[in-house]
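Single-letter residue listing:
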Amino acid sequence: MADPGEDRIAQLLGRVARKANGLSQPDRREFLRAGLAFAGSTALGSAAVMRDALASADNLPPNVPPWTRSVGPGVVTNPYGAPSAFESGVVRRTVPWLTASAISSISFTPLQDLKGIITPSGLVFERYHGGVPAVNPDDHRLMIHGLVSRPLVLSMDQLMRFPSVSLIRFIECPANGGMEWRGAQMEALQFTHGMLSCCEWTGVPLSVLLEEAGVKPEGRWVLAEGADGSAMTRSIPMEKALDDTIVAYAQNGEMLRPEQGYPVRLLNPGWEGNTSVKWLRRLEVGDKPWHQREETSKYTDLMTDGSARQFTYVQEANSVITFPCPEKPLREKGRYELEGLAWSGRGRIRRVDVSLDGGINWQPARLKGLVLPKALTRFSLPFDWDGGRALLQSRAVDETGYVQPTLTQLRQARGTESIYHKNAIHTWRLDESGAVTNVQIE
Ligand code: CO
C-alpha cells in the first residue's frame, strides 16, 4: 500500500498483536470459542467441496458442457423457486455458544455473499425469544386499546383494507457486533455484522390506525406485544408511533416469512430491531412506558459508572467493508472493486470514506445505487492490490453530520461492559497472502 503508511501499519500491527496477547482469560476463551464456532457451524467448507467435486476441466472451452448438449427440467418443476444448488453455501448461520437455546437465539445474514441493498427474505437474520409461532392468519387479530376512544380488534382482511405504504428500510439487532466490546473477535463478516438486513416492507402507517382508534390526549406511549410464546413486549413513544412506524404484513413483495412475524409485525425504521415486534397481536396506548423485561434487564446499556442507559432506540450510523472480508479473501494481485455497506437510523448516508492504512489516509467512496433514509447504502472504491499488507476501514457520515466513531472513541464514551449499539469503525487486516482477518486497532 502507500509508502507513508507502512511504518504506521507496522506500528498498528504490533499493537494488534499485543492486544490479542493481552486478552483477559474470559475474552480469550470467547475468542477461541468464536473460532471453533465458526469452524463448526459453517457450511462454507462443504459447499466449496461440493463445487470442487462437480467441477471438471471437460466443461471448459472449447469443450461444450453437458448442460448445453441436453435440455433441463421444464416449468413448475419447482413451483416456488429456490437458489441454484451451487449457492447452497449462502445461508444463515448461528454461533452456538452465544445463547443457551435455539428458541431464544439469533442467526446471522451472510452479508459477504449479498449484492445491492435488498436482503433476500430467506437470508434475513432471525431473532426469537420463544421460537417461531405458527400463526393462522384467519385466527389472528390485531387489538388496539388503552387510552383510545374507539378500541379496535382487526382481522387481517380488515387491516389490509387500510391504505398501505411500501418502504425499503434496514432492520439491525442492537447487539450486532456486541461480542467485540471486550475484544472478542469473530473471524467472519457474517458474525461481526450479520444481525443486519434491509427489505422492502409493506403495511399500514401506525399513525393511520391510531387515528382510527382515536388516541386520547394523555396517550403518550404505545405498548407493542407479540403473539409468540414469549409475548415479547416493548414500549414505543408516541412521537415515533406517529412518525414513520408501520404495521407491516409484506416483505420483498410477498407476505412476511414466518420467522419475520407472519402475518403481521411492527416496523420501527432505524430503531433497534427488538422494538419491531413480530407476530403483532396487541397495541396498548398508555401515558408512560411499561418497563418490560426487554427494556430493563435486556436492551439497556451498562455504562462505566455502573448506571444503565434505557430506551436507547436509534441505531447510529455504521458501516463495514463487505469485500474483501474474511470469507472473501483476495486470490491474485490486480484491480478490485472494494465494496461495503453503510446505514444510519437517523436518515440517509451522506458519505463514506475508506482507509487502506488503518485510518491515516482516507478517500471518499462512491455511493452505489439507491441512497434511501434508514436503508442499507452500498459503497465502492476501485482498489489496486500489489500484494502488500493493508488495514481496511470504512467510516460513514449521515445526513445529520454524525460521524461513525473509532473504537477508542466509543469505548471512551461507553466503556466495555455494553452489549448493544456497537457502531465503531471496523478494521480488516489484509495480509500478503490475500487473507483477511478481524483486528481491533486503537
Ligand atoms: Co438500545
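Below you will find a few notes about this structure. Quick caveat, the model's predicted, so the values are computed rather than measured.

1. With respect to the overall build of the protein chain
1) Next: Looking only at helices and strands, the protein chain features eight helices and 21 strands.
2) Next: Among the 442 residues that make up the protein chain, the fraction classed as buried is 51%.
3) Next: When contacts within the protein chain are restricted to residue pairs at least 6 apart in sequence, those whose partners lie at least 24 apart make up 73%.
4) Next: Accessible surface, the protein chain as shown: approximately 19600 Å² in total, 54% of it carbon and sulfur.

2. A short note on the sheet that holds strand S13 (residues 318-323)
1) Next: The strand order across the open sheet formed by four strands is S13-S14-S18-S17, and the pairing between neighbours is antiparallel. Every interior strand has two partners, whereas the edge strands, S13 and strand S17 (366-368), have only one. Direction aside, neighbouring strands of the sheet carry axes that sit 35 degrees apart on average.
2) Next: Two elements, S17 and strand S18 (residues 377-385), share three bridges in a ladder whose sense is antiparallel. Note that in S18 the partner of Arg366 across the bridge is Ser380.

3. Brief notes about helix H6 (residues 206-213)
1) Next: Residues Leu206, Leu209, Leu210 and Ala213 constitute the buried set of H6. Looking straight down H6, one finds that the buried residues subtend no more than 100 degrees of arc, so they occupy a single side.
2) Next: After H6 finishes, the residue Gly214 shows a positive phi value of roughly 75 degrees.

4. A few points about the coordination of the cobalt ion
1) Next: Only Glu272 (OE), Thr312 (O), Thr312 (OG1) and His421 (NE2) from the protein coordinate the cobalt ion, and they sit 2.1 to 2.3 Å from it.
2) Next: With four donor atoms in place around the cobalt ion and angles of 75 to 159 degrees between them, the coordination shape is irregular.
3) Next: Read from N- to C-terminus, the donor residues coordinating the cobalt ion fall into the pattern E-x39-T-x108-H. Taken together, the residues Thr312 in the loop between strand S12 (308-309) and S13 and His421 in the loop between helix H8 (407-414) and strand S20 (427-430) connect sequence positions 109 residues apart.

5. Focus on the packing of aromatic side chains
1) Next: Under the defined criterion, the tally for this structure stands at seven aromatic pairs.
2) Next: A centroid spacing of 5.1 Å and a plane angle of 85 degrees characterise the contact between Phe108 and Phe191, whose relative ring orientation is edge-to-face. On the criterion of sequence distance, the pair formed by Phe108 in the loop between helix H3 (44-54) and strand S1 (141-146) and Phe191 in helix H5 (residues 189-193) is long-range, its members being 83 residues apart.
3) Next: By relative accessible area, Phe108 is classed as buried at 0%.
4) Next: Consider the rings of Trp221 and Phe311, whose centres lie 5.4 Å apart with planes at 50 degrees: the pair is tilted. Separated by 90 residues along the polypeptide, Trp221 in strand S5 (residues 221-226) and Phe311 in the loop between S12 and S13 bring together distant segments of the chain.
5) Next: Taken together, the ring pairs in this structure connect Trp221, Trp271, Phe311 and Tyr313 into an aromatic cluster.
6) Next: Across the ring face of Trp362, the terminal group of Arg395 is positioned such that the distance to the ring centre comes to 4.1 Å.

6. Some details on the pattern of salt bridges
1) Next: What the rule picks out here adds up to 26 salt bridges.
2) Next: One salt bridge connects Arg282 with Glu225, and the closest N-O pair in it is separated by 3.0 Å. Pair noted here: Arg282 is in strand S10 (residues 280-286) and Glu225 is in strand S5, with a separation of 57 residues, a long-range link. Of the two residues, Arg282 and Glu225, neither departs from the other in class, the shared state being buried.
3) Next: A salt bridge links Glu294 to Arg293, with the nearest nitrogen and oxygen atoms 2.5 Å apart.

7. Remarks on the sheet that holds strand S6 (residues 233-237)
1) Next: Read across the sheet, five strands follow the order S2-S1-S10-S5-S6 without closing on themselves; strand pairing throughout is mixed. At either margin of the open sheet sits one strand with a lone partner, and together these are strand S2 (152-155) and S6. Sheet twist, expressed as the mean angle between neighbouring strand axes with direction ignored, is 15 degrees.
2) Next: Direction of pairing for S5 relative to S6: antiparallel, over a ladder of five bridges. Bridge pairing in S6 links Trp221 to Pro237.

8. Re H8
Residues spaced three or four apart along an α-helix point in a common direction, a consequence of the helix completing one turn every 3.6 residues.
1) Next: Residues Leu407, Leu410, Arg411 and Arg414 constitute the buried set of H8. Looking straight down H8, one finds that the buried residues subtend no more than 95 degrees of arc, so they occupy a single side. Exposed side chains of H8 directed beyond 90 degrees from the buried face belong to Gln412 and Ala413.
2) Next: Gly415 sits one or two positions beyond H8 and adopts a positive phi of about 75 degrees.

The rules behind each value
Residues numbered from 1 in each chain as written. Predicted model: local features only at pLDDT ≥ 70, side-chain atom pairs only at ≥ 80, totals over all residues. Heavy atoms only, no water. Helix = DSSP H or I, 4+ residues; strand = E, 2+ residues; numbered from the N terminus. Buried < 20%, exposed > 50% of the residue type's maximum accessible area, 1.4 Å probe, protein only. Contact = heavy atoms within 4.5 Å. Areas by Shrake-Rupley, 256 points an atom, 1.4 Å probe, with all protein chains shown as cover. Pairing = 2+ DSSP bridges. Axes fitted to C-alpha atoms, helices over the stretch in contact; angles between N-to-C directions. Arc of directions from axis to C-beta. Donors = N, O, S within 2.8 Å, 3.2 Å for Na, K, Ca; no water. Tetrahedral: all angles 85-135°; square planar, octahedral: opposite > 155°, others 65-115°. Phe/Tyr/Trp six-rings, centres within 6.5 Å; stacked < 30°, edge-to-face > 60°. Lys NZ or Arg CZ within 6 Å of the ring centre and 35° of its normal. Salt bridge = Lys/Arg side-chain N within 4 Å of Asp/Glu carboxyl O.

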